Amino acid sequence: MKNDPIGDARQHREMILEEVHDQKRERILAVAEELFFQRGYAGTTMSDIVEQLGVAKPYLYYYFSNKAEIYETLTLRSSHACLTAMHFDASDTRPAVEKLREGLQRFATANVLYFKSGTFAYRESATRHPEVDRKVRNLARKFYKELRSLLEEGREDGDIDFEDAKLTAFAIGSIAGFLYTWYKPDGAISPEDMAAQLTSILLRIAGDRQRTTRARRRSCPR
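Residues numbered from 1 in each chain as written. Predicted model: local features only at pLDDT ≥ 70, side-chain atom pairs only at ≥ 80, totals over all residues. Heavy atoms only, no water.

1. Observations regarding the packing of aromatic side chains
Here is step 1: Here the structure, examined in full by the defined rule, presents 13 aromatic pairs.
Here is step 2: Between Phe-36 and Phe-120, the aromatic rings sit 6.0 Å apart at their centres with planes inclined by 85 degrees, giving edge-to-face as the arrangement. One end of the pair, Phe-36, is in helix H2 (residues 23-39); the other, Phe-120, is in the loop between helix H7 (115-118) and helix H8 (130-157), with 84 residues separating them in the sequence. The pair formed by Phe-36 and Phe-120 is uniform in burial state, with each residue classed as buried.
Here is step 3: An aromatic cluster is built from Phe-36, Tyr-41, Tyr-71 and Phe-120, whose rings are joined through pairwise contacts.
Here is step 4: The ring of Tyr-41 carries Lys-67 above its face, with NZ or CZ at 4.1 Å from the centroid. (Phe/Tyr/Trp six-rings, centres within 6.5 Å; stacked < 30°, edge-to-face > 60°. Helix = DSSP H or I, 4+ residues; strand = E, 2+ residues; numbered from the N terminus. Buried < 20%, exposed > 50% of the residue type's maximum accessible area, 1.4 Å probe, protein only. Lys NZ or Arg CZ within 6 Å of the ring centre and 35° of its normal.)

2. A look at the environment of Val-55
Here is step 1: Relative to the helices and strands, Val-55 is located in the loop between helix H3 (46-53) and helix H4 (57-63).
Here is step 2: With relative accessibility at 22%, the residue Val-55 sits in the partly exposed group.
Here is step 3: Non-local contacts of Val-55, meaning those with residues more than four positions away in its chain, are made with Arg-27 and Val-50. (Contact = heavy atoms within 4.5 Å.)

3. Digging into empty space enclosed by the protein
Here is step 1: According to the stated counting rule, one finds one cavity of 30 Å³ or more in the structure shown.
Here is step 2: When its volume is computed, the largest cavity comes out at roughly 40 Å³.
Here is step 3: Residue lining of the largest cavity: Phe-107, Ala-108, Asn-111, Ile-175, Ala-176, Leu-179, Leu-198 and Leu-202, and that is the complete set.
Here is step 4: Elements with a contribution of two residues or more to the lining of the largest cavity: helix H6 (96-113), helix H9 (165-177) and helix H10 (191-206).
Here is step 5: Counting residues per element, the lining of the largest cavity draws most heavily on H6, at three residues.
Here is step 6: Partitioning the lining of the largest cavity into residue classes produces seven nonpolar, one polar and no charged. (1 Å grid on protein atoms, 1.4 Å probe; cavity = no way out; pocket = protein on both sides within 12 Å on 5 of 7 lines; lining within 4 Å. Points joined across faces, edges and corners; volume = space filled by probe spheres on them. Nonpolar A, V, L, I, M, F, W, Y, C, P; charged D, E, K, R; others polar.)

Next up, the structure:
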């Protein structure tokens with residue numbers, strides 16, 4: 001069966017959306033996400049969202065009490081999708097390198113799929129409630145803890161080669177952290193290819209021996 005990380009991530013996202021809100025609420029979030037991404041938080045009003053939706057204000061206020069709630073909902077949803085990528089159930093006994101490969105693929109895919117709302121965690125932080133930032137920081141701490149654990153376990157198994165686990169983990173996270181400064185969702189590289197290339201880069205940073213060996217073979221002159 002063909003591996004399709006983008007398709008799997010989209011399916012997973014739809015399952016989450018069905019559990020937490022109905023289609024009308026999701027439509028509001030989708031419209032608001034685009035407006036916030038294009039105009040910023042300060043440049044977007046509830047009236048703008050209402051106008052784009054083509055509905056009356058009571059419709060919007062039925063689902064959200066204010067603009068901040070919408071913005072923070074989008075921020076937390078994207079942060080959760082990206083920063084839980086390295087979590088695996090305790091019953092998963094696969095080698096660390098296998099979980100690392102899957103986790104980094106999920107991480108890269110989530111950052112591409114949730115790119116627009118994912119930028120909110122880095123932009124206009126002063127507009128968010130401190131509790132939202134606390135939740136994002138907690139997610140980030142857990143992400144790096146789980147990532148470092150897999151890196152260290154994989155090195156002990158002899159499948160991964162790197163020097164410092166903390167530095168390597170931060171290097172991996174920074175790739176996605178700065179994605180918002182250069183990635184263009186409608187650019188020449190498709191979301192599928194972007195996720196695949198990011199995954200490959202992240203695995204090389206992690207020191208995946210198998211991926212590094214393959215890359216060296218492809219680069220050798222024949």
